[in-house]
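As a plain string of letters, each chain reads:
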Amino acid sequence: MKIKLAIPSVVFWSLLVLFFAITQIMYGNYFGPRETIVSIILFMLLYNWRRWIGFLYLGISCVCALMYGMVGLTYGHVDKNAIDALLYTNFDEAFEYATSIPPSVFGWYGGLLLTFACVVLFLKKHSQFLVALDRKRVVVLFVLLVAFSSNTFVKNLIKGNPLNIWDLKSTEVNFVLSFYKALEDSSNGQNKYSIFNRSTDWKAVADEGVATNYVLILGESARRDFFGAYGAPWNNTPWLSSEPGLLFENYISASAGTVPSLSRQLYLNSDTENFNPAYNIVTLAKSAGFQTTWISSQGERGGADSPISIVAKMCDKYNFVADDLNPLNKVLKKTDEDLLEPFKESLALPGKKLIVLHLIGSHPQACRRTNDRYTEFFKSQELSCYIESLKNTDRLAKEVTDALKVRESKYGEKWGLLFTADHGLDFASDQSGWCLKHNDKRQGSYEVPFFITGSGFNKRETIKFYRSGLNFLPLVASWMHISSPYLSPQTCHWLQDEACIDQENVYRFSGEKVKYQELPSYSLQIFMDQNP
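A brief look at the structure comes next. (Residues numbered from 1 in each chain as written. Predicted model: local features only at pLDDT ≥ 70, side-chain atom pairs only at ≥ 80, totals over all residues. Heavy atoms only, no water.)

**Re the state of the cysteines**
Our working definition: Two cysteine sulfurs form what is called a disulfide whenever their separation falls within 2.5 Å. Buried, partly exposed and exposed residues are distinguished by accessible area as a fraction of the type maximum, computed with a 1.4 Å probe on protein chains only: under 20%, between the cut-offs, and over 50%, respectively.
Inspection of every chain in the model, using the stated rule, returns two disulfides. The disulfide partner of Cys492 is Cys500, and the gap between their sulfur atoms is 1.8 Å. Between Cys492 and Cys500 the sulfur-sulfur dihedral comes to about 95°; the bridge is accordingly right-handed. You can call Cys500 buried: its relative accessible area is 12%. Regarding the disulfides, the chain carries the connectivity 1-2, 3-4 under sequence-order numbering of its bonded cysteines.

See below:
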């Protein structure tokens, strides 16, 4: 059958592309042209085979988007946390969550229903459209379906292995598979608290008159011994090396990756059966009377980062400058510098406040963070870019500090700043030479900077005893002078140079808890000695 390229058919194809693009985004993904093409081809094949099966495919796609869209647009890709929310959210939690949803979400629902209705009405009116495609066109469509699908599907086809529908790069197919896996994980898990639950009973109290503005800077993939302030043989951290404050020499992260580390550091009792996501650093600060703001240069949505996004979206205000839903960010490549303007706007608001700046920092590949620029060469381009990326982080921290000092000078607002990172990295090599990658098998992946400064500091002090990211929440509470009956009784002074018990545990990627000291060390100095 020949399809005439009349205006109605052009409108139809535009609406069909828009429909599948909207469903992708409402499933918690970002827009992917390849996935959209696969969905359209799959629809064409099903519709040509049996019209009612084609309509069924459209209907299921629409219904799934309608059911999950409220979560997908604000939370991200379907995973165990999302399924727990759907299964264990009560009416009060659901109502509270619904009232906090941005109005733009409902615009996506309207767009979905409108495009779905237009596509169906067009096909009803033009009953022969896409029907009775000849065998040649069907073969071409099938070849395109395979070509645009995942590598796994193509490899199985070449090797003669059984083909699996799950190997298709179809958004709808992947959504169903992810939903099934997440449902299975949820049924095997112990956590029965919903991610929508925001009700807490912290009974937190903050000491008055200590500070008005608190800023927490969360660096990314920042290995401690690459900082000049920690002894590296380059001057890439002038602010961290000279600013008065408390420098922790042996702070170790909870794990060796962003999600396994921060999901344990930002929440209370995250590794126990009593874990309730409502009890976290943000709700603790809010309970103590602080206005909270989260500003991030990392992506807003997606299953991998969801535990962090959950915390961020419990803030009074949050801003993901690299918003996944904005296609321009794929081109503009937002950087940590883009956090400064919204930070200054939040800083100007009245009242006590906690502002969290979550950086993209030195995330591999580091040369993407510096646009391939560096001022000092060390072993390889990637390591040189990594050193430069830490300098950029140090420069940003100085600008934040200067803004806080200006507020104190003009308005008498005392301040405190805590700078740390989610995890370190380990030495590796690839086709381009030496680099740094994620690895949970050596100490360097857990060694991160930790520094506190503020209005009350006029000299530099060091804390040599170990502090663990598994105690991040009580440590932050001590920094902000917050007390709560839910926090474990203080057995030591976190901000003084004295030993605290149980400070050397870390988590491997598998979830196994091990002693940091039992892991092999491969420091920058050892690397330099072995690779002169």
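**Notes on the nonpolar core**
Counted only if it meets this: To qualify as a nonpolar core, a set must consist of buried Ala, Val, Leu, Ile, Met, Phe, Trp, Tyr and Cys residues joined through side-chain atoms within 4.5 Å. The secondary structure listing takes helices from DSSP runs of H or I that are at least 4 residues long and strands from runs of E that are at least 2 residues long, numbered from the N terminus. Whether two residues are in contact is decided by their heavy atoms: any pair within 4.5 Å suffices.
Counting 95 residues, the largest nonpolar core has Phe226, Trp294, Phe343, Leu357 and Val400 as the members making the most contacts within it. Here this core takes ten residues from helix H17 (residues 381–411), the largest share from any one element. The residues touching Trp294, leaving out its near neighbours within four places in the chain, are Leu218, Leu266, Val282, Ile308, Val311, Ala312, Cys315, Lys317, Tyr318, Asn319, Val356 and His358. The next biggest cluster of nonpolar side chains, apart from the first, holds 32 residues, and it includes Met44, Leu58, Leu73 and Leu123.

**Digging into the packing of helix H15 (residues 340–347) against H17**
In plain terms, the rule: Angular values range over 0 to 180 degrees, each being the angle between N-to-C directions of two axes fitted as lines to C-alpha atoms, with helices fitted over their stretch in contact. The scheme is simple: roughly parallel for angles under 35 degrees, roughly antiparallel for over 145, roughly perpendicular for 65 to 115, oblique for anything else. By convention the crossing between two helices is left-handed if the near helix lies anticlockwise of the far one by an angle smaller than a right angle, and right-handed if it lies clockwise. Charged residues are taken to be Asp, Glu, Lys and Arg, nonpolar residues to be Ala, Val, Leu, Ile, Met, Phe, Trp, Tyr, Cys and Pro, and polar residues to be all remaining types, Gly included.
In the contact formed by H15 and H17, the axes pass within 11 Å of each other and the chain directions differ by 20°. With respect to each other, H15 and H17 are oriented roughly parallel. The interaxial crossing formed by H15 with H17 has right-handed handedness. Between H15 and H17, the contacting residues are Leu340, Phe343 and Leu347 on the first element and Leu396, Glu399, Val400, Ala403, Leu404 and Arg407 on the second. Classifying every residue of the contact of H15 with H17 by side-chain character gives seven nonpolar, no polar and two charged.

**Examining unusual backbone geometry**
Here the bond from Pro364 into Gln365 is cis, since omega is -5°, no more than 30 degrees from zero. Within the fold, Gln365 resides in the loop between strand E7 (353–358) and helix H16 (366–370). Despite not being glycine, Lys203 has its phi angle at roughly 55°, a positive value. Within the fold, Lys203 resides in the loop between helix H9 (171–188) and strand E1 (205–206). Among the residues examined, Lys203 registers a relative accessible area of 56% and is labelled exposed. For Ser221, which is not glycine, the phi torsion reads 55° and is therefore positive. Structurally, Ser221 can be placed in the loop between strand E2 (213–219) and helix H10 (238–242).

**What about the pattern of salt bridges?**
So the rule is basically this: Note on definitions: salt bridges are taken to be side-chain nitrogens of Lys or Arg within 4 Å of carboxyl oxygens of Asp or Glu.
Evaluated as defined, the whole model comprises eleven salt bridges. Between Asp316 and Lys286 there is a salt bridge, and its shortest N-O distance comes to 3.8 Å. Remark: Lys286 occurs in helix H12 (residues 281–287) and Asp316 occurs in the loop between helix H13 (306–312) and strand E6 (317–320); sequence separation between them is 30 residues. Using a relative accessible area of 33% as the deciding quantity, one classes Lys286 as partly exposed. Where Arg508 meets Asp440, a salt bridge forms, and the shortest distance between an N and an O atom there is 3.1 Å.

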